[in-house]
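# Report on the structure
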Amino acid sequence: MKKLMVMAVALLMLAACSSKQEEMKKELTDFIRNHDSVLIPLYKESALASWQANITGKDEDYQKSEALNLRMMALYSDKGKLEKLERIQVSGTITDSLLLRQLNVLLRSFLMAKADTAKLNEMVRMGTAIEQKYGNFRTVVRGKELSDNEVEDVLRNSRDVKYQQEVWEAQKKIGTVVADDIRKLVKLRNKVAEELGFKNYHEMSLTLSDQKPRDVSKLFSELDTLTGIAFAQVKGEIDNYFVSHYNLKSTDELRPWNYQNRFFQEAPGIYDVDLDVYYRDKNLETLTSSYFAGLGLPVDDMMKNSDLYEKQGKNQHAFCIDIDNAGDVRVLCNIKPDQYWMNTMLHEFGHAVYDKNIDTGLPFILRDPAHTFTTEAIAMIFGRFSSNPQWLKDVVGISEPEKAAIAGKCHQTLRLEQLVFSRWAQVMYRFEKKMYENPDQDLNSLWWDLVEKYQLLKRPEGRNEPDWATKIHIATYPCYYHNYLLGELLASQLYYYIVSNVIRSEDFENQSFAGKPEVGAWLKEQIFQPGNRWYWDDLIEKSTGEKLTAKYYARQFVD
């Protein structure tokens, strides 16, 4: 009898548990359906408004974009909805993996509901105003207005060091225009983060993006050690080259404007190979389209909807935007026929093919890359090919003898690009981390202290300007830059896996992936289609057999 009673009680408990599970599952399913009914049209409208504002630079377009961003912010500011999601989570009854992942994403999104709505709205307004100032700023030198492309051209090609200095200093004037606004925005972001229980906005931003701040800092310290000696060696080569190039007496005369770009974030052209010559008579749109078509990842429809050339008022940078999470993906560029913009086109359309091929059968909120840096990794794999001699042969059409003649210099160039960028990323990551820890400190000095330590550049004598504020990412893409370096690590990891296991080759140097649809098929199946279905490190392990590691990056560029 006792056994029957125990069994009966167990069955009742099981039935109650099952009933509770179904109840919670229905509640979450209903929540998602109602949320999507508002989010999906608002997401598209907001993306279109942002796209329009970046193309025109008009006040009214930025105002519309700001208003829609505020509506998007308001969508996630409902405390009642957050409480419902927390109750569902605490119940522990959601066992379906797809629903559980959506619950996780929603919880992180709605966490902002705990913050003061007025502060969140002000963050959006301030961010939009700062972004517009960047977008509308033009460098003026000797009475002539210069675009960013023209600034870069002077820094890259002029041997008139006095004029270089004038141009470098003139483009830095955007810093004084936005610095006070950025500092105020940083303090406001910190207040919001503190209200949510975080030390500061930097810690909050990494945590809410599924990253552990301590682990990221540990990885950057590891990479500092990994690249420090190799970078110091190539920096010596760079300095010796420029002493001769500018006819200077010694390396002591070199200053930041002598390194061929505004931030020394890109490798200067110190090796005897001019990759620009291979693109001067080429149509970068055609090269991009034909290359991705050969991978089985066509981009023609996205190319048609993109905006690729300079125009007055237009944002001078480059980005990819997914308008609707349903196939309308666009790229903004300001292309010229040179290697820099070939790299950028391959990079941005790398983002584009990722977004375009995410499985639209996934729930809407999971139709995103697994993480910001996973899509950066794909963009970087393709961007690297712009300076790859095998790619130049397979896609641009140079001869085998020409390929052989430039191969060594191309490898040196790519290695230099990676070492230079890795040190620049150290500056960005550590500056933002320290800035959010104490925004009232002397940020001008902090910036140059880090530049001197990690990039080995000399600060200009007597200069006390907010040069840190000239980098748009600090204001409008906060606490993001470290993902570029994580993306480089993953790009190398994916590259080695594809060569070994998809192409099945032991030749890791002479690869372009051109005309290899099996590569596109693997990327589509293993990386793109899953979207945000899994935690990013799980996706990496599922696709490559290993979690994220720096060893392939070291093998490719340091060892």
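As the structure is a prediction and not an experimental result, all values here were calculated from the model. (Residues numbered from 1 in each chain as written. Predicted model: local features only at pLDDT ≥ 70, side-chain atom pairs only at ≥ 80, totals over all residues. Heavy atoms only, no water.)

### What to know about helix α10 (residues 213-245)
- An ideal rise of 1.5 Å per residue puts 48 Å on 33 residues; α10 reaches only 42 Å between its terminal C-alpha atoms.
- At Thr227, α10 shows its maximal bend, which comes to roughly 40°.
- Asn247 sits one or two residues past α10 and shows a positive phi near 60°. (Helix = DSSP H or I, 4+ residues; strand = E, 2+ residues; numbered from the N terminus. Expected span 1.5 Å × (residues − 1). Bend = angle between axes of the 7 residues up to and from the residue.)

### Brief notes about the side chain of Gln132
- Within the secondary structure, Gln132 sits in helix α5 (residues 117-136).
- Judged by its relative accessible area of 15%, Gln132 falls in the buried class.
- One polar contact links Gln132 to Asp59, side chain to side chain, over a distance of 2.3 Å.
- Setting aside residues no more than four positions away along its own chain, Gln132 makes contact with Gly57, Lys58, Asp59 and Tyr62. (Buried < 20%, exposed > 50% of the residue type's maximum accessible area, 1.4 Å probe, protein only. Polar contact = N/O pair within 3.5 Å; in protein donor to acceptor, adjacent residues only side chain to side chain. Contact = heavy atoms within 4.5 Å.)

### Brief notes about the pairing of strand β4 (residues 329-332)
- Side chains of β4 alternate between two faces, with Val329 and Val331 and Arg330 and Leu332 buried alike.
- Of the strand pairs in this sheet, strand β3 (residues 319-322) and β4 are connected by 4 bridges, and their pairing is antiparallel. Across the sheet, the residue bridging to Asp322 is Val329, located in β4.
- Counting the residues that bridge the hairpin from β3 to β4 gives 6 residues, and of these Asn325 lies at a positive phi of roughly 55°. (Pairing = 2+ DSSP bridges.)

### Overview of the nonpolar core
- Core analysis: the biggest nonpolar cluster contains 154 residues, and Ile182, Tyr291, Phe349, Phe382, Trp447, Trp468 and Phe513 have the highest contact counts within it.
- A total of 15 residues in this core trace back to one element, the largest contributor, which is helix α16 (residues 400-437).
- Among residues more than four places away in sequence, those in contact with Phe349 are Thr288, Phe292, Val299, Met302, Met303, Ser306, Leu308 and Val331.
- Counting residues in each nonpolar core, the second largest holds 25 residues, with Ala49, Leu68, Leu103 and Phe110 among its members. (Core = buried A, V, L, I, M, F, W, Y, C linked by side-chain atoms within 4.5 Å.)

### Notes on the packing of α16 against helix α17 (residues 443-455)
- Running from amino to carboxyl end, α16 crosses α17 at an angle of 150°, the nearest separation of the two axes being 9 Å. Our classification of the angle between α16 and α17 gives roughly antiparallel. Relative to α17, the crossing made by α16 is right-handed. Here Arg423, Trp424, Gln426, Val427, Met428, Arg430, Phe431, Lys434 and Met435 of α16 lie close against α17, whose contacting residues are Leu443, Leu446, Trp447, Leu450, Val451, Lys453, Tyr454 and Gln455.
- Class assignment of the residues belonging to the contact of α16 with α17 gives a composition of 11 nonpolar, 2 polar and 4 charged. (Axes fitted to C-alpha atoms, helices over the stretch in contact; angles between N-to-C directions. Parallel < 35°, antiparallel > 145°, perpendicular 65-115°, else oblique. Left-handed = near helix turned anticlockwise from the far one by under 90°. Nonpolar A, V, L, I, M, F, W, Y, C, P; charged D, E, K, R; others polar.)

### Observations concerning the packing of aromatic side chains
- Under the counting rule described, the total for this entry stands at 37 aromatic pairs.
- Taken together, a centroid distance of 5.8 Å and an interplanar angle of 70° make the contact between Phe31 and Phe110 edge-to-face. Separated by 79 residues along the polypeptide, Phe31 in helix α1 (residues 2-56) and Phe110 in helix α4 (residues 97-110) bring together distant segments of the chain.
- Relative to Tyr484, the ring of Tyr480 lies with its centre 5.2 Å away and its plane at 70°, an arrangement referred to as edge-to-face.
- An aromatic cluster of three or more residues is present, and its members are Tyr291, Phe292, Phe382, Phe385, Trp391, Tyr495, Tyr496, Phe508, Phe513 and Tyr552.
- The ring of Trp534 carries Lys542 above its face, with NZ or CZ at 4.6 Å from the centroid.
- The ring of Phe508 carries the charged tip of Arg555 above its face, separated from the ring centre by 4.8 Å. (Phe/Tyr/Trp six-rings, centres within 6.5 Å; stacked < 30°, edge-to-face > 60°. Lys NZ or Arg CZ within 6 Å of the ring centre and 35° of its normal.)

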